[in-house]
Amino acid sequence: METLLATPGQAQPSIGHRPRSRPRVAAGVACLWAVLQLGLALGQLAGLDVTPWSGADPSVLSALSTSTVAVVVAVLAGVSLAALATWDRRDGRPARIAGGLLLATGIVVALALADVRSLTLLGYLPMVLLHHVGIEPFAAHEMTIPTPVLLSLMHSVGGVGLLLTGLSALTGSLDRVGFAGGADRELAERRRIAAVRVGRWAVGVAVAAPLVYASTRVAWAFGIPLGVSDEFLDLLGDAKYAGLGLGLFAIVGSMLTLGLVQRWGEAFWSWVPRVGGRPVPVSMAVVPALFVAMAVISAGIGFAMIILGGEIDALPGEPVDWAAWAPEVLWVPWGIALGVAALAYRVRREATTSLP
């Protein structure tokens with residue numbers, strides 16, 4: 001399989017027309033989040049039975065009162081709306097300021113307001129979808145999505161929308177920033193080489209980390225007590241098959257991550273109907289990767305709070321059942337690596353298509 005991991009002296013040819021970014025879609029998502037959350041926050045402060053946030057245990061904001069969190073959300077939403085009003089201006093300074101505010105706000109929203117429930121929903125989403133089409137993969141498990149989970153998901157989506165809009169404001173879209181002349185071509189080549197180097201290592205980490213989790217869950221489903229006691233495996237009962245679903249989902253995600261440094265991640269396979277041979281839209285790879293990255297980091301922060309807070313007893317199983325909790329230690333580095341890999345992919349695609 002041909003890869004894009006070229007040596008520094010090798011230039012990658014463009015495989016098609018310039019990839020199209022979709023900054024306005026992200027801005028629309030960010031604006032929708034800000035308007036909705038501002039309304040919910042002000043409604044809660046006014047005494048209405050609504051809330052912009054529902055705490056999880058643990059959570060970065062769990063020490064704050066609900067009214068204080070409502071104020072925080074209102075401020076974040078207000079700042080976001082103000083920045084969204086100027087992020088697309090062509091005079092540089094206002095756009096850069098707006099981009100910085102959107103980027104910072106997006107990170108706070110995706111990592112602090114969202115929590116582990118976003119990642120949990122992603123993991124169980126295939127089973128939830130099967131349930132809603134009449135297939136019951138695990139009848140003993142509840143397949144409805146509670147409102148607090150939807151709120152967390154809303155913050156994850158809104159945070160990524162803010163983050164992507166901020167990045168577009170700071171870097172400029174390809175339609176506004178071209179590469180013309182020898183100096184600019186040299187700059188594009190340097191960016192491409194740096195992105196290849198960084199992306200290679202980031203993808204390696206982002207592929208390996210979820211496979212650690214997946215290996216334990218798949219083993220449990222086949223009755224192999226990998227990293228846990230026989231008693232723990234017996235107590236899981238049919239829940240180990242739900243773990244199998246999560247493990248398989250992690251394997252699929254790991255394989256898709258390889259696309260960030262593989263040829264098939266840049267152009268559709270020729271046998272794919274209608275789009276075969278065409279360039280893969282940059283946003284098709286970057287947006288899902290960044291969304292998963294932020295959800296994984298947010299969940300990892302919650303897990304780190306349990307460990308650093310000395311609440312080891314809150315973890316599943318006994319300390320000897322390391323496979324029940326140790327893979328979660330990798331969530332933060334996994335999420336960071338995936339986010340870096342996605343951004344490196346974006347930089348490489350943009351730089352490559354700017355070369356003659």
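Before reading further, recall that the structure is shown in the block above.
The structure contained in this document is the topic of the report that follows.

Quick notes on the rules
Residues numbered from 1 in each chain as written. Predicted model: local features only at pLDDT ≥ 70, side-chain atom pairs only at ≥ 80, totals over all residues. Heavy atoms only, no water. Patch = residues over 30% accessible without salt bridge, like charges linked within 9 Å, V, L, I, M, F, W, Y side chains within 5 Å. Areas by Shrake-Rupley, 256 points an atom, 1.4 Å probe, with all protein chains shown as cover. Salt bridge = Lys/Arg side-chain N within 4 Å of Asp/Glu carboxyl O. Helix = DSSP H or I, 4+ residues; strand = E, 2+ residues; numbered from the N terminus. Buried < 20%, exposed > 50% of the residue type's maximum accessible area, 1.4 Å probe, protein only. Axes fitted to C-alpha atoms, helices over the stretch in contact; angles between N-to-C directions. Parallel < 35°, antiparallel > 145°, perpendicular 65-115°, else oblique. Left-handed = near helix turned anticlockwise from the far one by under 90°. Contact = heavy atoms within 4.5 Å. Nonpolar A, V, L, I, M, F, W, Y, C, P; charged D, E, K, R; others polar.

**Structural notes on a nonpolar patch on the surface**
- A grouping of Leu42, Leu45, Val71 and Val75 is seen on the molecular surface, where their side chains present a nonpolar patch of about 340 Å² in accessible area.
- Sorting the residues of the nonpolar patch by element identifies helix H1 (23–45) and helix H2 (66–84) as the ones contributing at least two each.
- Note on placement: Val71 falls in helix H2.
- Given the relative accessible area of 42%, Val71 is considered partly exposed.

**Quick notes on the packing of H1 against helix H5 (residues 147–171)**
- Running from N to C, H1 and H5 point in directions that differ by 135°, and their axes come no closer than 8 Å. As judged from the angle between their axes, H1 and H5 are oblique. Crossing geometry of H1 relative to H5 is assigned as left-handed. Counted together, Pro23, Ala26, Ala27, Val29, Ala30, Trp33, Leu36 and Gln37 of H1 and Met154, His155, Val157, Gly158, Gly161, Leu162, Leu164, Thr165 and Ser168 of H5 form the full contact between these two elements.
- Taken together, the residues of the contact of H1 with H5 sort by class into eleven nonpolar, six polar and no charged.

**Topic: the pattern of salt bridges**
- Considering all chains together, one arrives at six salt bridges under this definition.
- One salt bridge connects Glu189 with Arg192, and the closest N-O pair in it is separated by 3.1 Å. Residue Glu189 and its partner Arg192 are located together in helix H6 (residues 182–221), separated by three residues, close to a single helical turn. Each of the two residues, Glu189 as well as Arg192, counts as buried.

**Describing the packing of helix H3 (residues 92–113) against H5**
- Orientation of H3 relative to H5, taken along the N-to-C sense of each, is 155°, at an axis distance of 7 Å. Relative to H5, the element H3 is oriented roughly antiparallel. Relative to H5, H3 is oriented so that their crossing is left-handed. Counting all contacts with H3, which are made through Ala95, Arg96, Gly99, Gly100, Leu102, Leu103, Thr105, Gly106, Ile107, Val109, Ala110 and Leu113, the residues of H5 involved are His155, Gly159, Leu162, Leu163, Thr165, Gly166, Leu167, Ala169 and Leu170.
- For the contact of H3 with H5, the residue count by class is twelve nonpolar, eight polar and one charged.

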